[in-house]
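# Topology and contacts: notes
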Number of protein chains: 2
Amino acid sequence: MSRGDTAATHAPSRRGFLTGSAAAAGVAVGAAGGAYAAHAAQPGPATDTAGLNGARTHDFHGTHQAGVTSSPGAHGAFLAFDLPAGSVKDDLRRLMRLWTDDARRLMSGAGALADTEPELATAPAGLTVTVGWGPKAVALAGGSEAVPSWLRPLPDFSIDALEDRWSDGDLLVMIHSDDPVTVSHALRMVSKDATNLATERWRQTGFRQAYGSHPSGTTMRNLFGQVDGTANPPLASDDFAARVWIQDGWLAGGTSFVLRRIRMELDTWDQVDRIGRENAVGRTVDTGAPLTGEAEHDEPDFDAVDARGFPIISDVSHIRRARPDDPSQRIVRLAYNYDDAPRGNEPAEAGLLFGSLQADVDAQFVPIQRRLAEADLLNVWTTPVGSAVFAILPGCTEDGYLGDTLLD
Amino acid sequence: MSRGDTAATHAPSRRGFLTGSAAAAGVAVGAAGGAYAAHAAQPGPATDTAGLNGARTHDFHGTHQAGVTSSPGAHGAFLAFDLPAGSVKDDLRRLMRLWTDDARRLMSGAGALADTEPELATAPAGLTVTVGWGPKAVALAGGSEAVPSWLRPLPDFSIDALEDRWSDGDLLVMIHSDDPVTVSHALRMVSKDATNLATERWRQTGFRQAYGSHPSGTTMRNLFGQVDGTANPPLASDDFAARVWIQDGWLAGGTSFVLRRIRMELDTWDQVDRIGRENAVGRTVDTGAPLTGEAEHDEPDFDAVDARGFPIISDVSHIRRARPDDPSQRIVRLAYNYDDAPRGNEPAEAGLLFGSLQADVDAQFVPIQRRLAEADLLNVWTTPVGSAVFAILPGCTEDGYLGDTLLD
């Protein structure tokens, strides 16, 4: 019997949980986390958390995983694991049940099963725990015919200087929350539960603006000072759905995720004047408006020319190269800044954990990346040093577990 | 002419700034940061930030540095620098003027002088930038007779496994804010301005619960799940003042700061049952109440015994050993969690950046640390791997700069 099974006997029934206050679809503030936590063996201190951002929860269950359908929190951790040689399908199923149980409990504000520090779980602050698979995991679960054609390392790009230690992997866990303590704790629970079933391959952590720092809906800024993600569609829109969701097969309701670790050369970037930097991107730095517009979300006019007949937005600017002429090629960006202190012989390194969500990596992401690799003024100051591709599993029901569409 | 001097010619006069809205003493929400930012060369986008935590500012000027008089933010960065061989007093003065100017501007929500990413400074979120000196800097500024007797490496403790790379230093900058982007940006400005004047010796970054995660005033928890800092007095209390402030000499209005990097062995800690862990600390884990009490802030009763006559709070529990019988020995804790990912050949490491504020290291901190080193059940799972002692400079006036009581 897996630990995931054991959970059901000690915890309130999943049906009971779902018919309670936490069943309110999508996002529940306050009550949900507290209600579930009150049933846990060792609840945290009783405090009035109603209305606090810390008490904000996302429902774990649904057609899609909540880490894709919700705004990313201020803190993100990305962990890749490898399956040890000799892993069998039952091992993967066991791990998926464990991680499903962890995600279900932690996202509700409860400690994980046998959590030794459940007090660190009491403020989910919008926590999501999201699981993806690399090609080896898919093949283990469903045979090589189950592996999507796009689930493989990206083609080589001339701009890449990839390092193994930030690349590839058999399994991915993404953890997002507005609270860094919550992320640290969730990360630890996920890692502990992988013991003997998978080995950590890499771990990358990043940050965005804190909850409460800027008006709701403010686009994040990267460490170059630029707004980052302006072209993303609203989360619940048809456009978002069309870009992201896989429609058929065992991955229906899932998506794909590319994570590129992009080192940014802040020192040389800072030597460029503001006009040069805005020209490189195609947007003003202060408001993020395209150079042909007034406001951040104005549509860029790539045909506009200045008095001398030159394009106002350069043909090799980042937004021109990144923007597909074919709308079916669009992606959804999910990025975090990183700023790693020097450690041992490792120098300081800052940059962007650039994540991209799309239904089909080959049809959507690769054409964009190819155009950017061919010509993008930003390439002067950026170097991709890590790259990984994962299939993000569909969501699951209260009776199911992540990956069950292929493992069952 | 130093860059600090240049600042005065391009920026609004300091008097003008201080008679404006930002002069409202202590903490100003919203208006202050925005008002000053509006005078900056390249202000960020205009947004309605009134009431947002991101707009919260601490006044830079005053008798004390604001990083000591205010609650630490969710994110903390501690940077130590060394003065290069051949540094002269004028170099130190120049650096202090630069850092003073940086702190003054950044804490108000404006970019630093010649800031190439002022948009990353628009949400101070309670930012404080606090400067301290090691013995070499004090001697450079005022001769060896100006060095307080306690300003030297701590005595050796049997529990220590100190590494040079986390220890000592000629200068300290502490950066606290609720926003990780703001901390990253401030850290970069402070580092850039040290170019040619000081070299970075170490950098340690940590985190506490996020703004909005728990009710205001909730004591932080460390990665063992324990409440951490319960015994701290209220910030503006006489007790706080008596513990912290130096009364006489060039450091009047300043204090001392000990930073200990304490590695925590989470794996072995998690093997101890809850009763064992509560016994080690002397407090319950859930509420943080002493084992003889009901609520976190109840006074522990060290004389209470159980039915068999044994002390309820063990004589070798952490709270018993840390608590001085002599009230003049008390300190103020200022701690951050750290959870560093593996990098290169460096394994993952988690623990506590344990900071201690006190008027006199030898009279207050050392006796406590000596008792803890002799016997403290927590020592089984904790190892000090870094240690540094600094004199935290007094605050300065609008016409002054940090360190001017010794440098002028």
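Predicted, not measured: the structure shown is a model, and the values here were computed from it. (Residues numbered from 1 in each chain as written. Chains lettered and ligands numbered in written order. Predicted model: local features only at pLDDT ≥ 70, side-chain atom pairs only at ≥ 80, totals over all residues. Heavy atoms only, no water.)

Our focus in this paragraph is the relation of the copies chain B and chain A. Expressed as a screw operation, the relation of chain B to chain A combines 0.0 Å of axial shift with a rotation of 180°, fitting to an RMSD of 0.0 Å. Both chain copies can therefore be described as sitting about a two-fold axis. (Least-squares fit on C-alpha atoms with pLDDT ≥ 70 in both.)

This next bit is on the environment of Glu374(B). Tracing the sequence through the fold places Glu374(B) in helix H12 (residues 361-374). When the C-alpha atoms of Glu374(B) and Ile159(B) are compared, they prove to be 8.4 Å apart, with 215 residues separating the residues in sequence. (Helix = DSSP H or I, 4+ residues; strand = E, 2+ residues; numbered from the N terminus.)

Of the residues lining the interface, 62 residues belong to chain B; the matching set on chain A comes to 62 residues. Carbon and sulfur atoms make up 53% of the surface buried where chain B meets chain A, a total of about 4900 Å² over both sides. Counting across the chain B and chain A interface gives 12 salt bridges. Asp267(A) is paired through a salt bridge with Arg188(B); the nearest N and O atoms lie 3.3 Å apart. On inspection of chain B and its partner chain A, the count reaches 33 residue pairs in polar contact (both at pLDDT 80 or more). Of all the elements in the fold, those that place two or more residues in the side of chain B that touches chain A are helix H7 (180-193), strand E6 (199-207), helix H9 (266-269), helix H10 (274-281) and strand E8 (332-340) of chain B. The residue makeup of the side of chain B that touches chain A, split by class, is 23 nonpolar, 17 polar and 22 charged. (Contact = heavy atoms within 4.5 Å. Buried area = accessible area lost by both parts, 1.4 Å probe. Salt bridge = Lys/Arg side-chain N within 4 Å of Asp/Glu carboxyl O. Polar contact = N/O pair within 3.5 Å; in protein donor to acceptor, adjacent residues only side chain to side chain. Nonpolar A, V, L, I, M, F, W, Y, C, P; charged D, E, K, R; others polar.)

In this section: the UniProt feature "domain: Dyp-type peroxidase C-terminal" (unreviewed entry) in chain A. With numbering matched to this structure, UniProt assigns "domain: Dyp-type peroxidase C-terminal" (unreviewed entry) to residues 220-396 of chain A. For residues 220-396 of chain A, helix accounts for 21% and strand for 23%, while the C-alpha atoms at its two ends are 30 Å apart. (UniProt positions renumbered as here; feature names shortened; annotations may be inferred.)

This paragraph deals with the pattern of salt bridges. The final tally for this structure, using the stated rule, is 50 salt bridges over all chains. Linking Arg93(A) and Asp90(A) is a salt bridge whose minimum nitrogen-to-oxygen distance equals 2.4 Å. With Arg93(A) and Asp90(A) both in helix H5 (residues 89-107), this residue pair falls three residues apart, about one helical turn. Where Glu265(A) meets Arg263(A), a salt bridge forms, and the shortest distance between an N and an O atom there is 3.0 Å. Judged by its relative accessible area of 26%, Glu265(A) falls in the partly exposed class. Its relative accessible area of 27% is what places Arg263(A) among the partly exposed residues. Three or more residues are tied together by salt bridges with common partners; here these are Arg188(A), Lys192(A), Asp267(B) and Asp270(B). (Buried < 20%, exposed > 50% of the residue type's maximum accessible area, 1.4 Å probe, protein only.)

Residues and elements named next belong to chain A. Take Asp326: it is sitting in the loop between helix H11 (318-322) and strand E8 (332-340). For Asp326, a relative accessible area of 35% translates into the label partly exposed. Along the chain, Asp326 and Val147 lie 179 residues apart, while their C-alpha atoms are 26 Å from each other.

Below, the discussion takes up unusual backbone geometry. Phi is positive for Asp168(A), which is not a glycine, with a value near 60°. Relative to the assigned elements, Asp168(A) resides in the loop between helix H6 (135-142) and strand E5 (171-177). Under the relative-accessibility criterion, Asp168(A) is labelled partly exposed at 29%. Positioned with a positive phi, Ala125(B) is a non-glycine residue whose angle comes to about 50°. Using a relative accessible area of 1% as the deciding quantity, one classes Ala125(B) as buried.

Turning to the UniProt feature "domain: Dyp-type peroxidase N-terminal" (unreviewed entry) in chain A, a few remarks are in order. Here the UniProt-annotated "domain: Dyp-type peroxidase N-terminal" (unreviewed entry) positions come out as residues 65-208 of chain A. Between the end C-alpha atoms of residues 65-208 of chain A the distance is 21 Å, and the span holds 31% helix and 21% strand.

Moving on, we come to the packing of aromatic side chains. Residues and elements named next belong to chain A. One pass over the full model with this rule turns up 19 aromatic pairs over all chains. Ring centres 5.8 Å apart and planes at 70° place the aromatic pair Phe78 and Tyr336 in the edge-to-face group. Of the two residues, Phe78 sits in strand E3 (residues 75-82) while Tyr336 sits in strand E8, which places them 258 residues apart along the sequence. Assigned by exposure class, Phe78 and Tyr336 land together as buried. With a centroid separation of 6.4 Å and an interplanar angle of 65°, the aromatic rings of Trp202 and Phe390 are classed as edge-to-face. With Trp202 in strand E6 (residues 199-207) and Phe390 in strand E10 (residues 382-392), this residue pair connects regions lying 188 residues apart in the sequence. Among the residues examined, Trp202 registers a relative accessible area of 2% and is labelled buried. Cation over ring: Arg320 sits above Phe302, and NZ or CZ is 4.5 Å from the ring centre. (Phe/Tyr/Trp six-rings, centres within 6.5 Å; stacked < 30°, edge-to-face > 60°. Lys NZ or Arg CZ within 6 Å of the ring centre and 35° of its normal.)

Residues and elements named next belong to chain A. Counting buried positions over the six residues of strand E4 (residues 128-133) gives six, a clear majority of the element. Of the two faces of E4, the one lined by Thr128, Thr130 and Gly132 and the one lined by Val129, Val131 and Trp133 are each fully buried. Across six bridges, E4 lies against E5 in antiparallel orientation. Looking across to E5, one finds that Gly132 is bridged to Leu172. When E4 meets E10, the two strands line up antiparallel, connected through two bridges. Its bridge partner being in E10, Gly132 is matched across the sheet by Ile392. (Pairing = 2+ DSSP bridges.)

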